[in-house]
Amino acid sequence: MTDQLSQETFENIRPYHDDEVADVLARLAHNNEFLDAITRYRLPRMARYAPWLARFLAGHALSRQMRGVNSVAMFQDRIAVYMRHMIAKTTDAFEVEGLDKLDPNQAYLFIGNHRDIALDPAFVNFALYQAGRNTVRIAIGDNLLQKPYVTDLMRLNKSFIVPRSAKGKRAMLAAYQALSRYIRHSITVDNHSVWLAQREGRAKDGIDRADPAIIKMLTMARRQQDKDASLGDAIRELHMVPVSISYEYDPCDLQKARELYAVHTQGRYEKADFEDIRSIVAGITGAKGRIKLTFGTPLSADFETPDQVAEEIDRQVLGGYHTFPSHELALETSGQAPELLDMSEVQSADRERFQARLDDVPSELRDWWLAQYANPILNRAGRIKEE
């Protein structure tokens, strides 16, 4: 009954099921756009001068690597190999804290700060996978699914679709009600954990704040079913756990600075075609320094308003956010709040690395680049006002 309900009620937003995996992988192995995307990064010279050959080799390699994969779990086993390789190649350390305090048999709604489109939930998944726990279903905005192959890849990896492009208030309401039901169903019926960003879009300015509108969406399903249910009851049954992720360096920091600068000077920023996909690739392949992932404690207190829930998420996310030398050096360079500086962990090598990155930032973007790293310290200290 559960599988049938998942199939029929959530058909347009759910991740792929095991019986769909083989067909989807076969489709990807023959998708020229996907193969071209792979070869541009893995075989750039061949992709330029002999694209047909590069495409053939990529398709052959993909088919060989995915041979025998006929379930989501087996697909994620393959993904874990790439995650280990990526962590070894692009990070200096990956530390996890707090997961051991969570019941391995309980499904949770992990709600986290959001810095990288793909890697934030990927690191949560890898931490769970390494601990022998079931991985999460991942909320992803339909604005990112600009190509069929991207949709296939995301849904293979347990992503479900958040409708951001629905037109009209009625359509948006219906879409978010379905989303709320799916998340609740995943936690309370399927006992399957979910990852969700605490607000729409990445915190490009480094200011992490939960959006009360997200909380309202999450409680829609319970309160629709039971008009007498309190907000606290609706929150408690979701077993919501705030999660903090901090990167010593963000591979997309310069692009984010450019976007922030454009919004400040021109009032808006126009994304290039498939810019989000390029950001995903940059995040995966770029140097990140150290990474700290901190799992908080389940929200069990009684809440009366979505704002109170958001405040508790903020408290835990900011409390669990680890500041690296890059954050301290950015705050020092900005000249703000010197009394908040803690340079105890800053070594000369950290200064050299920070300065080398800063030297590559155009002068007009420097304040916006520095803010991404300095703002987490200022935000935790209550020095940034709500807009």
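About the thresholds
Residues numbered from 1 in each chain as written. Predicted model: local features only at pLDDT ≥ 70, side-chain atom pairs only at ≥ 80, totals over all residues. Heavy atoms only, no water. Helix = DSSP H or I, 4+ residues; strand = E, 2+ residues; numbered from the N terminus. Expected span 1.5 Å × (residues − 1). Bend = angle between axes of the 7 residues up to and from the residue. Buried < 20%, exposed > 50% of the residue type's maximum accessible area, 1.4 Å probe, protein only. Contact = heavy atoms within 4.5 Å. Phe/Tyr/Trp six-rings, centres within 6.5 Å; stacked < 30°, edge-to-face > 60°. Pairing = 2+ DSSP bridges. Right-handed = clockwise from strand over helix to strand, strands pointing away.

Re helix H10 (residues 212-225)
Now for step 1: For H10, spanning 14 residues, the distance from its first C-alpha to its last is 21 Å, which sits close to the expected 20 Å at 1.5 Å a residue.
Now for step 2: If you look at H10, its biggest bend is around 40°, right at Thr219.
Now for step 3: Among the residues of H10, Ile214, Ile215, Met217, Leu218, Thr219, Ala221 and Arg222 are the ones counted as buried.
Now for step 4: Residues of H10 that are buried in the fold lie against strand E2 (109-112), helix H9 (169-188), strand E5 (194-197), helix H11 (231-236), strand E6 (240-247) and helix H14 (306-320).

Re the packing of aromatic side chains
Now for step 1: Going through the model one piece at a time under the given rule, you end up with 11 aromatic pairs.
Now for step 2: With 5.3 Å between their ring centres and 70° between their planes, Phe110 and Phe295 make a pair best called edge-to-face. Remark: Phe295 occurs in strand E7 (residues 289-295) and Phe110 occurs in strand E2; sequence separation between them is 185 residues.
Now for step 3: Taken together, the ring pairs connect Phe94, Phe123, Phe126 and Tyr247 into an aromatic cluster.

So, unusual backbone geometry
One can expect most non-glycine residues to show negative phi and most peptide bonds to be in trans.
Now for step 1: Phi angles above zero are rare outside glycine, and Asn191 is one such case at about 55°.
Now for step 2: Within the secondary structure layout, Asn191 lies in the loop between H9 and E5.
Now for step 3: On the basis of relative accessible area, Asn191 is assigned to the partly exposed category, the value being 40%.
Now for step 4: In this structure, Ala337 is a non-glycine residue whose phi angle is positive, near 40°.
Now for step 5: Within the secondary structure, Ala337 is located in the loop between helix H15 (325-334) and helix H16 (348-359).

As for the pairing of strand E4 (residues 159-162)
Now for step 1: Pairing geometry for strand E3 (residues 137-141) and E4, over 4 bridges, is parallel. Paired with Ile138 across the two strands is Ser159, which belongs to E4.
Now for step 2: Viewed along the sheet, the connection from E3 through helix H8 (residues 148-156) into E4 turns out right-handed.

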